[in-house]
Amino acid sequence: MQADHFDQQKLLALAAEDVALAQLAHRRRTLPENAAVSAAEEAQREFAADVVRAETEVRDLDREQKRIEADVESVRARSARDQQRLDSGAATPKEMTSLQQEMASLARRQGDLEDQVLEIMERREAADATLATAQAGLAGARADQAAAEQARDAALAEIAEGEQEHGAKRAEVAGTVSSPLLAVYERVATQTGSTGAAALHARRCEGCRIELYGTELAAARNADPHTVLRCENCNRILVRTAESGL
Ligand SMILES: [Zn+2]
């Protein structure tokens, strides 16, 4: 294939824009800010589960405390009734003995129940502390996510700006290259997934870093400047420059 030597030079500018665009696409795919957003989301899920667990425990303890306090109330009421009966003087000696035994048993029962209430209050304090820690963690993770999202959006905006800039330059250069040469470039760029042309620099293809030797080198040396050379290794258009080392 033949193409104007100067048109071939333009392919290097085109390749430079493609490299820049590929770097931006890579940066978009591997943004560290994305990982930070995911980490904050994961932390939020964990803290939210901790909050639910702690709230459930607090609710359960409150319910248990109310239940025991109701038991204490009924024990007190029963004991008060017994006391009233004793004070009335209407009870028989046998009934009085039985009432006194019952009151002693009620007093032990009340003491046990009050100990249980104290124990629940201690557990409630610990549960409150756990809940506060989980809530603070959740708030922190939410703030982290907001900050990471903001940083990610800023990075994405910067990438989009770069893509627009390099895309415009690429279109400008492509518009000045003859269409058959451009078609070859585009086809090879699709094949390599990056660029369709590379400089021949110090006898080395800058695309795949393979050095030319033997017949390929001789062919490059003897080729007319308007002949389009191709790298036998990566298939890219080899663009000769003053530094080609031929
Ligand atoms: Zn090559």
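Residues numbered from 1 in each chain as written. Predicted model: local features only at pLDDT ≥ 70, side-chain atom pairs only at ≥ 80, totals over all residues. Heavy atoms only, no water.

Turning our eyes to something else, we now look at the overall build of the protein. Looking only at helices and strands, the protein has five helices and four strands in total. The secondary structure elements of the protein, listed N-terminal to C-terminal, are α-α-α-α-β-β-α-β-β. Whereas a compact globule of 246 residues would reach a radius of gyration of roughly 18 Å, the protein reaches 42 Å, over 25% beyond that. The proportion of buried residues among the 246 residues of the protein is 32%. Nonlocal contacts in the protein, meaning residues at least 24 apart in sequence, comprise 77% of its contacts between residues at least 6 apart. Here the protein displays about 14600 Å² of accessible surface, and carbon together with sulfur accounts for 52% of that area. Here the protein carries 31 positive and 43 negative side-chain charges, and the mean point of each set is 4 Å from the other. (Helix = DSSP H or I, 4+ residues; strand = E, 2+ residues; numbered from the N terminus. Rg over C-alpha atoms; globule rule 2.2 N^0.38 Å. Buried < 20%, exposed > 50% of the residue type's maximum accessible area, 1.4 Å probe, protein only. Contact = heavy atoms within 4.5 Å. Areas by Shrake-Rupley, 256 points an atom, 1.4 Å probe, with all protein chains shown as cover. Lys, Arg positive; Asp, Glu negative; His and termini not counted. Charge placed at Lys NZ, Arg CZ, Asp CG, Glu CD.)

Let's shift gears to the pattern of salt bridges. The final tally for this structure, using the stated rule, is 21 salt bridges. With a shortest N-O distance of 2.5 Å, R170 and D18 are connected by a salt bridge. Within this pair, whereas R170 is found in helix α3 (residues 93–174), its partner D18 is found in helix α1 (residues 5–29), the two being separated by 152 residues in sequence. Of the two residues, R170 and D18, neither departs from the other in class, the shared state being buried. Taken together, the shared-partner salt bridges in this structure form one network comprising D18, R170 and E186. (Salt bridge = Lys/Arg side-chain N within 4 Å of Asp/Glu carboxyl O.)

Distances from the zinc ion to its protein donors, namely C205 (SG), C208 (SG), C231 (SG) and C234 (SG), fall within the range 2.2 to 2.3 Å. What the four donor atoms of the zinc ion show is an angle range of 103 to 115° at the metal, which sorts the shape as tetrahedral. Site description for the zinc ion: donor spacing in sequence, C-x2-C-x22-C-x2-C. Of this pair, C208 sits in the loop between β2 (204–205) and α5 (214–222) while C231 sits in the loop between β3 (229–230) and β4 (237–240), placing them 23 residues apart in sequence. (Donors = N, O, S within 2.8 Å, 3.2 Å for Na, K, Ca; no water. Tetrahedral: all angles 85-135°; square planar, octahedral: opposite > 155°, others 65-115°.)

This next bit is on the UniProt feature "domain: CT398-like coiled coil hairpin" (unreviewed entry) in the protein. UniProt tags residues 14–193 as "domain: CT398-like coiled coil hairpin" (unreviewed entry). Taken as a whole, residues 14–193 contains 94% helix and 0% strand, while its terminal C-alpha atoms sit 14 Å from one another. (UniProt positions renumbered as here; feature names shortened; annotations may be inferred.)

Over its 57 residues, helix α2 (residues 32–88) extends 83 Å from the first C-alpha to the last, a length consistent with the 84 Å expected when each residue adds 1.5 Å. Trailing α2 by a residue or two, G89 shows a phi angle of about 75°, which is positive. (Expected span 1.5 Å × (residues − 1).)

Those places that UniProt annotates as "domain: C4-type zinc ribbon" (unreviewed entry) correspond, in this numbering, to residues 204–238. With 26% helix and 17% strand, residues 204–238 has its two end C-alpha atoms placed 9 Å apart.

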